[in-house]
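# Chains, contacts and geometry: an overview
Listed below, chain by chain, are the residues.
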Amino acid sequence: MTARNRQNPELRDRLRENPELREQMRDSIMQAREEFRDNPELRELIRENPELRDSLRENPEWRKHLLDSIMQAREEAVDSIFVFQTDFPSPSITLIIGDYEQKCMEVDYTLYSIWHLKGNDFFSTSYDSIMDTIPSQIRIRRQTFESNYTLNYSFKRFSLVEVPVQFSSYVRTWTQAQEVLQPEMVLLPEKGCLMREADVVRQIPMQKAWAKRRGQEINDMTAAVNVFNNFAMFFQRSEGARDFSMERGVANITIKPNPYFLFPELFNFRYNIYSSDWTIANRLIELYLQEKTDNNMMRQLNGISNNEKANLLIQQYPFKDLLIDPNQRDLLDYIISLKANTLFAPAERNVGYMEFRDSLRHFLSENKFKNLRFEDLLTRMSAVASEDLLSPLKSWNSPTKLPVYIVGTPEIKQIVNRDVEVYVVKLQITNDSETDGIVNVDINFSSGFGGGRGGGGGGFGGGGGGGGGFGGGMTANSTDYDPRAKRKISLAAHQTKQLVSVWDEAPRSINVNTLISANLPNQINIPANNIIREQNRPVDEEGDFILSNVNFNPTGEVIVDNEDSMLFTISKPDIVGLLPQWLEGVDENSFPYSGVQGWRPPLQWTLTTNDRYYGTYVRSAYVIKSGSGSQTATWKVPVPSKGLYDVYYHVYLPDELRRNNNNRGNMAYNFLVKYDEGEDKAEINLRRAEDGWNRIGSAAFYFSDDTIQIKLSNEISNVRMVTADAVKIVRRATSLDRELTDEVEISKVGQ
């Protein structure tokens, strides 16, 4: 559309309502440009005639024949001066001038364009078969992206613009937006040469080949739709390239941010939250609304997540110091995100997870394209949530004291009565520290929603009236959202709560996120296994119940974990040669936990974490490559009194069994139990074992010593990696013990 047409609203409306007329106008302009570019005599005449050249420069129609200008604004020519003015308040205006061609289509009143340099159209022919499908695909991708964050795209245009490949962008502390993102515009490298998803010509046959490997057949049209969607999804991913490295079985992976992630189009170019004290205020709200989480694969490979690294750092240093520390730049997003989630956790607890976020988004929408003070925002949200959100900012100038939580194993019972069948879920959480804290509890069901019973006490501590249970694994934008699904639980120092809820459907898993805490891992996912079936019994009352005098060490039971440094030891590695010895003494990892891979285990005992390992608040274990048995892990277990004991080991099933339970051959951990100046060999058959506590050997041991030793070797067949976690001894009740117990029970009845 020419500059004259932009100034003529009647013509603009006619063009918008008449696609054929718009196409004719576009074709005529393109033809005029091509005629000028292909006419060397005319170009030479203009070059030699200054008066004619000046006359053409004053004519906006002819000027557009020379070069195209791309920007977010209207263009007006007044006395040889071109004036650009946006139709919305904008933090920046981008002007790009070059020999461009435009391909565009209008979808739901938004003009989507691709501006590519002349001669660089490598993609159109690949998409010819799906031109009628592309508008619906754009609509779906946009609706999904906006729904994920409950934010809307506010502009009338969206353009992908080809720019020179050397155009660079930079990561900023205070914003997610990099220079390649501009309001309503994304600047892509020439021919998308740095983007695998843009290689349309190769991607379509690759899609067909991948489908064939899966036993499927797809045509060119289906493959083209898949490739288009993969390209569109690239702009919806916050993470970019991954750098993977492995040395001696210890893995490490780093993920760089995706500079083309479109979230700034929804937030940064619409809102500006500023503060003279906290320059990262806008970034804090930005990450809070994104609900930035760790990549599970990255956590598994590194042995510790970025959120957990951030927890360890904020325990040692003030928030302000971390913001300006260049060594922590890669972790800064996670540090800011933790601070944001912890700041607003009490508000979410008071009014509900989704309700508070909806209130925040509503307040932001009232200040679209305005500057908003961070302190004013907190004051407004404090009134909404009946919670002081300003005072916690004072603590950001000091290191953070971290609470410690002990999360118990859920108890799930299926209660079947004549008129009802329900599931009662009980979960016990203890704050075992001097610091008050808040955890996030989420429950997941196979159907995606919980189906809680009405009229109860609010489930998982939900106050009164709302009905039962603690949620159903829905996202905030789900139409089935239940405020009990994802909620915060406050725990005072040294406080234990039992969370009781009743559901019409069996839960699938429970996830406990400890937010800012010393727990490793800080997210614990507990499968809902071992559901107990009971008949004709009352259904438990729902709610959060504070427990007192909680005993974590049952009588006659002793547990020794690998974290008990005084009672647990590992053998030294088999190192030969000078180079391995030198490498063994070099440790550049400032964090004690490392990542491991089952397909390439470490050659020496390596400390790693996993939520399936045993631990009070640090769930860790040592792992090593299986071998001849020269490497061992030893637990020294105090014996409380003489007697018969069952010995248990906390098993984490190897990958070989998780992937293929039909794998043949013996799989057994080999133990040596030393006691009373003797020793017995024992084993655990991993084929018959389950994740968790499994008995060592088939018979009980009689211990008279005050300390016994349990030794695990790395000798095992058909398994690549051996895990050293925790052991437990449990005293068997003898006939004398039973007689004493009976006497106690009789005396209670007599009373």
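These lines cover the structure that appears in this document, whether it is placed above or below. What you see is a predicted model; the values in this text were computed from it and never measured.

### A look at the overall build of the protein
Each helix and strand counted, the protein has 20 helices and 37 strands in total. The long-range fraction of contacts in the protein, counting pairs at least 24 apart against all pairs at least 6 apart in sequence, stands at 73%. In the structure as shown, the protein presents an accessible area of about 38,000 Å², 48% of it carried by carbon and sulfur atoms.

### With respect to the sheet that holds strand β36 (residues 721-724)
Strands sit in the order β27-β28-β36 across an open sheet of three strands; the sheet is antiparallel. Both edges of this open sheet fall to β27 (606-609) and β36, since each of them pairs with a single strand only. Sheet twist, expressed as the mean angle between neighbouring strand axes with direction ignored, is 40°. Relative to β36, strand β28 (residues 620-625) runs antiparallel, the two being bridged by four bridges.

### Section: the packing of helix α15 (residues 332-351) against helix α16 (residues 353-365)
In contact at an axis separation of 7 Å, α15 and α16 are set at 115° when each is read in the N-to-C sense. Relative to α16, the element α15 lies roughly perpendicular. As for how α15 packs across α16, the hand of that crossing is right-handed. Between α15, through Asn341, Phe344, Ala347, Glu348 and Val351, and α16, the contact on the second element is made entirely by Tyr353, Glu355, Phe356 and Arg357. Among the residues forming the contact of α15 with α16, the class breakdown is five nonpolar, one polar and three charged.

### Thoughts on the sheet that holds strand β6 (residues 110-117)
With respect to topology, five strands assemble into an open sheet ordered β5-β6-β7-β9-β8, the strand pairing being mixed. Sheet topology places β5 (100-107) and β8 (181-182) at the edges, where each strand pairs with a single neighbour. Pairing between β8 and strand β9 (residues 185-189): two bridges, direction antiparallel. Of the residues in β9, the one forming a bridge with Gln182 is Met185. Strand contacts of helix α7 (residues 134-149): β5 and β6, with the helix running at about 75° to β5, the strand carrying the most contacts.

### Considering the nonpolar core
Membership of the largest hydrophobic core comes to 85 residues, with the highest contact counts inside it found for Phe235, Leu284, Ile285, Leu364 and Leu377. The dominant element in this core, judged by the number of residues it contributes, is α15, at nine residues. The residues contacting Leu364, other than those within four sequence positions of it, are Phe267, Tyr271, Ile273, Ile285, Leu289, Leu372 and Leu377. In this structure, Tyr649, Tyr669, Phe701 and Ile710 belong to the second largest nonpolar core, which totals 44 residues.

### Let's talk about unusual backbone geometry
Geometrically, the link from Leu520 to Pro521 is a cis peptide bond, its omega value of -15° lying close to zero. The topology assignment puts Pro521 in the loop between β20 (507-513) and β21 (523-527). Residue Asp108 is not a glycine yet carries a positive backbone phi of 55°. Within the secondary structure, Asp108 sits in the loop between β5 and β6. With a relative accessible area of 45%, Asp108 lands in the partly exposed category.

### A few points about the packing of aromatic side chains
A full pass over the atoms with the stated rule returns 34 aromatic pairs. Ring centres 6.1 Å apart and planes at 80° place the aromatic pair Phe145 and Phe261 in the edge-to-face group. Here the residue Phe145 occupies a position in helix α7, and Phe261 occupies one in the loop between β11 (250-257) and α10 (263-266), the gap between them amounting to 116 residues. For the ring pair Tyr153 and Phe155, a centre distance of 5.3 Å and an interplane angle of 80° mean the geometry is edge-to-face. Like Tyr153, the residue Phe155 is buried in the burial classification. Following the ring pairs from residue to residue traces out a cluster consisting of Phe145, Tyr149, Phe261, Phe263, Phe267 and Tyr271.

Rules used in this analysis
- Residues numbered from 1 in each chain as written.
- Predicted model: local features only at pLDDT ≥ 70, side-chain atom pairs only at ≥ 80, totals over all residues.
- Heavy atoms only, no water.
- Helix = DSSP H or I, 4+ residues; strand = E, 2+ residues; numbered from the N terminus.
- Contact = heavy atoms within 4.5 Å.
- Areas by Shrake-Rupley, 256 points an atom, 1.4 Å probe, with all protein chains shown as cover.
- Pairing = 2+ DSSP bridges.
- Axes fitted to C-alpha atoms, helices over the stretch in contact; angles between N-to-C directions.
- Parallel < 35°, antiparallel > 145°, perpendicular 65-115°, else oblique.
- Left-handed = near helix turned anticlockwise from the far one by under 90°.
- Nonpolar A, V, L, I, M, F, W, Y, C, P; charged D, E, K, R; others polar.
- Core = buried A, V, L, I, M, F, W, Y, C linked by side-chain atoms within 4.5 Å.
- Buried < 20%, exposed > 50% of the residue type's maximum accessible area, 1.4 Å probe, protein only.
- Phe/Tyr/Trp six-rings, centres within 6.5 Å; stacked < 30°, edge-to-face > 60°.

Don't take any of this as a statement about function, it's just geometry.
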